[in-house]
Amino acid sequence: MPLKRLSVTAVRNLHPVTLHPSPRINIISGSNGSGKTSLLEAIHILGLARSFRSTRLQPVIQHGEDACTVFAEAVLKNGTACSIGITRSKQADYQIRIDGQTIRSAAQLAETLPLQLINPDSFRLLEGAPKQRRQYLDWGVFHVEHQFLPVWQRLQKSLKQRNSLLRRGRIQRSMLVPWESELIAAGERIDEFRQAYLLKLKPVFENILGRLVLLDDLTLSYYRGWDKERSLNQVLDDQFERDAQLGYTQSGPQRADLRLRIKGMNAVDILSRGQQKLVVCAMKIAQGYLLQEMGAAQSCVFLVDDLPSELDEKHRKALSSLLEDLQCQVFISCVEAQQMQDCWQNDTPLSMFHVEHGRIVQTV
Ligand SMILES: Nc1ncnc2c1ncn2[C@@H]1O[C@H](COP(=O)(O)OP(=O)(O)OP(=O)(O)O)[C@@H](O)[C@H]1O
């Protein structure tokens, strides 16, 4: 869902600004510490009510100010306008408004403005804990499967209850049964959603990866979080004693993972940094393409922090062409504008912004 007007007030070092971004490609250049990432961070806050740099929103509020605000007018897929605003003050939690209505859940915000972030931390998708890859997978499922959120919430609740009973100690097997039946029902649904989504994602990912880099041996597979030969019911039953000793549920959809391997080894142990960046980009861009293909309610906005770093010219251009073909709105930050200037076709709407000491000026 492209943003056609974006206002940012009191976010980090940024001076108050109103921008009119291109519905397609936006390049934000500036030297280190000028405020490029802060602009991407502001858009991220607008879409997810959280920063990608700090777990709390308070550090994002400009020193000496009481609150930060990000506001945008966006265009929905059906062509109608939609306004989204978020304010976070030092004293209170955030306030979100969509079309003048206050909303309480960040999930509604995420549904309205699907965002994909590619930044130096995205490497964690390959090298980090399974949680990162589960979140990646669930982002996709959330945007294409409306039943995902309520089922996922039921799963979290039943799992929390089971774990808290397990932690109490000296527990009877029968005491877990009511929570387990909820956990099993929700867990199996979540597994079905994830499998169905991955089946669609895999060919898109392989195609996109092939346009970026030749890695024929790379495989992407799914681990559902428990033994594939046994039902979740059976696994919970068999592992009860051990779960009770440990005080938590060892197996289940909360342990699901995506595995990226090359010749049976972890891809992250084999690939160069540049190749890892390309694989991560292919994974994220594939989700954008799939969202379009599956006719999701809104198209995705891509935030790409420091695209040129660790990529040579050939790969930079290949990546740009994928983002361009996606026909989404893209915000790309870089130090030198000219590194990103000649990557686009002549008819692609392109806007360029330069940031200096927090002041953003549109140059093209
Ligand atoms: N709450 C805050 N209030 C005011 N300034 C802040 C706040 N938090 C961070 N800053 C400053 O804002 C600037 C933000 O820089 P930002 O990370 O956006 O720069 P950048 O252009 O992306 O740099 P780089 O190219 O090094 O990644 C930094 O100079 C930082 O010291």
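What counts, and at which threshold
Within each chain, residues carry numbers counting from 1 in the order of the written sequence. With pLDDT at 70 or above as the cut-off, local features in this predicted model cover only qualifying residues; side-chain atom pairs require 80 or more to be listed or tallied, and sums for whole chains, interfaces and linings still use all residues. Note: side-chain values were computed over all heavy atoms of the structure, leaving out hydrogens and water. We call a set of buried Ala, Val, Leu, Ile, Met, Phe, Trp, Tyr and Cys residues a nonpolar core when their side-chain atoms join them within 4.5 Å. Think of it in three bands: with a 1.4 Å probe and only protein chains considered, a residue is buried below 20% of the maximum accessible area for its type, exposed above 50%, and partly exposed in between. Helix numbering and strand numbering both begin at the N terminus, where a helix is a DSSP run of H or I of at least 4 residues and a strand a DSSP run of E of at least 2. As annotated, the domain borders come from an automatic or database domain assignment. Whether two residues touch is decided by their heavy atoms; if any such pair falls within 4.5 Å, the residues are in contact. Take a side-chain nitrogen of Lys or Arg and a carboxyl oxygen of Asp or Glu: if they are within 4 Å of each other, that pair is a salt bridge. A cutoff of 4 Å decides nearness: a residue is near a molecule or strand if any of its heavy atoms lies inside that distance of it. Distance and chemistry together define a polar contact, namely a pair of N or O atoms within 3.5 Å, with one atom able to donate a hydrogen and the other to accept it when in protein, and with adjacent residues in sequence counting only for side-chain atoms on both sides. Residue-level accessible areas treat just the shown protein chains as cover; the underlying method is Shrake-Rupley with a 1.4 Å probe. Think of it as three bins: nonpolar holds Ala, Val, Leu, Ile, Met, Phe, Trp, Tyr, Cys and Pro, charged holds Asp, Glu, Lys and Arg, and polar takes everything else, Gly as well. Convention adopted: a line fitted to C-alpha atoms gives each axis, helices being fitted over their contacting stretch, and angles between N-to-C directions are expressed from 0 to 180 degrees. These descriptions rest on fixed angle ranges, namely under 35 degrees for roughly parallel, over 145 for roughly antiparallel, 65 to 115 for roughly perpendicular, and the rest for oblique. UniProt positions are given in the numbering used here, feature names are shortened, and annotations may be inferred rather than shown by experiment. Here the rule is simple: two strands pair whenever DSSP picks up at least two bridges between them.

A. Spatial organisation of the nonpolar core. Counting residues in hydrophobic clusters, the biggest one holds 71 residues, and the most contacted among them are F205, L218, V279 and I285. Take this core: its biggest share by element is 13 residues, from helix α6 (residues 173-212). Two domains each put at least three residues into this core: domain 1 (1-114 + 301-364) and domain 2 (124-297). The residues touching L218, leaving out its near neighbours within four places in the chain, are F205, L209, L260, R261, I262, A267, L271 and V279. Among the nonpolar cores identified, the runner-up in size contains 42 residues, and A49, I61, V70 and L115 belong to it.

B. Representation of the domain arrangement of the protein chain in the model. Taken domain by domain, the protein chain holds domain 1 (1-114 + 301-364) and domain 2 (124-297). If you average the C-alpha positions of domain 1 and of domain 2, the two centres end up 29 Å apart. With 21 residues of domain 1 at the interface, the matching set in domain 2 holds 22 residues. Summed over the shared surface of domain 1 and domain 2, the number is two salt bridges. One salt bridge connects E310 with R273, and the closest N-O pair in it is separated by 3.5 Å.

C. Expanded view of the site of the ligand. In the neighbourhood of the ligand, 15 residues make up the surrounding shell, with G33, K36, T37, S38 and R53 lying closest. Measuring from an oxygen atom of the ligand, one finds a side-chain N or O atom of S38 at 2.6 Å. Contacts to the ligand include R53, whose side-chain N or O atom sits 2.6 Å from an oxygen atom. Here the ligand, which alone exposes 650 Å², has 70% of that area covered by the protein. Across the shell around the ligand, the residue classes tally to two nonpolar, 10 polar and three charged.

D. Molecular detail of the packing of α6 against helix α10 (residues 313-325). Close contact between α6 and α10 brings their axes to 9 Å; oriented N to C, the two are set at 140°. Here α6 lies oblique to α10, going by the angle between them. Across the interface between the two elements, I208, R211 and L212 of α6 pack against H315, A318, L319, S321, L322 and D325 of α10. A class-by-class count of the residues in the contact of α6 with α10 yields five nonpolar, two polar and two charged.

E. Local environment of the UniProt feature "domain: RecF/RecN/SMC N-terminal" (unreviewed entry) in the protein chain. This chain's UniProt record puts "domain: RecF/RecN/SMC N-terminal" (unreviewed entry) on residues 3-358. Helix makes up 43% of residues 3-358 and strand makes up 21%, while its end C-alpha atoms are separated by 21 Å.

F. Fine view of the environment of A296. As for its placement among the helices and strands, A296 is situated in the loop between α9 (273-293) and β12 (301-304). You can call A296 buried: its relative accessible area is 9%. Between the C-alpha atoms of A296 and F71, which are 225 residues apart in sequence, the distance is 23 Å. Setting aside residues no more than four positions away along its own chain, A296 makes contact with K77, H143 and L291.

G. The arrangement of the UniProt feature "binding site: ATP" (unreviewed entry) in the protein chain in detail. If you check UniProt for "binding site: ATP" (unreviewed entry), the listed places come out as G30, S31, N32, G33, S34, G35, K36 and T37 in our numbering. Along the chain, S31 turns up in the loop between β3 (25-29) and α1 (36-48). Since its relative accessible area comes to 43%, S31 is described here as partly exposed. Dropping the residues within four chain positions of it, S31 is found in contact with K36, V335 and V355. Mapped onto the elements of the fold, T37 is located in helix α1. For T37, a relative accessible area of 17% translates into the label buried. Once residues lying within four places of it in the same chain are set aside, the contact partners of T37 are F52, R53 and D305.

H. Spotlight on the sheet that holds strand β7 (residues 101-103). If you trace the six strands from one edge of the open sheet to the other, you get β2-β1-β4-β5-β6-β7, paired in antiparallel fashion. Both edges of this open sheet fall to β2 (17-19) and β7, since each of them pairs with a single strand only. Here the average twist between neighbouring strands, direction ignored, is 15°. As defined by bridge partners, strand β4 (residues 67-75) adjoins strand β5 (residues 81-89) across nine bridges and the pair is classed as antiparallel.

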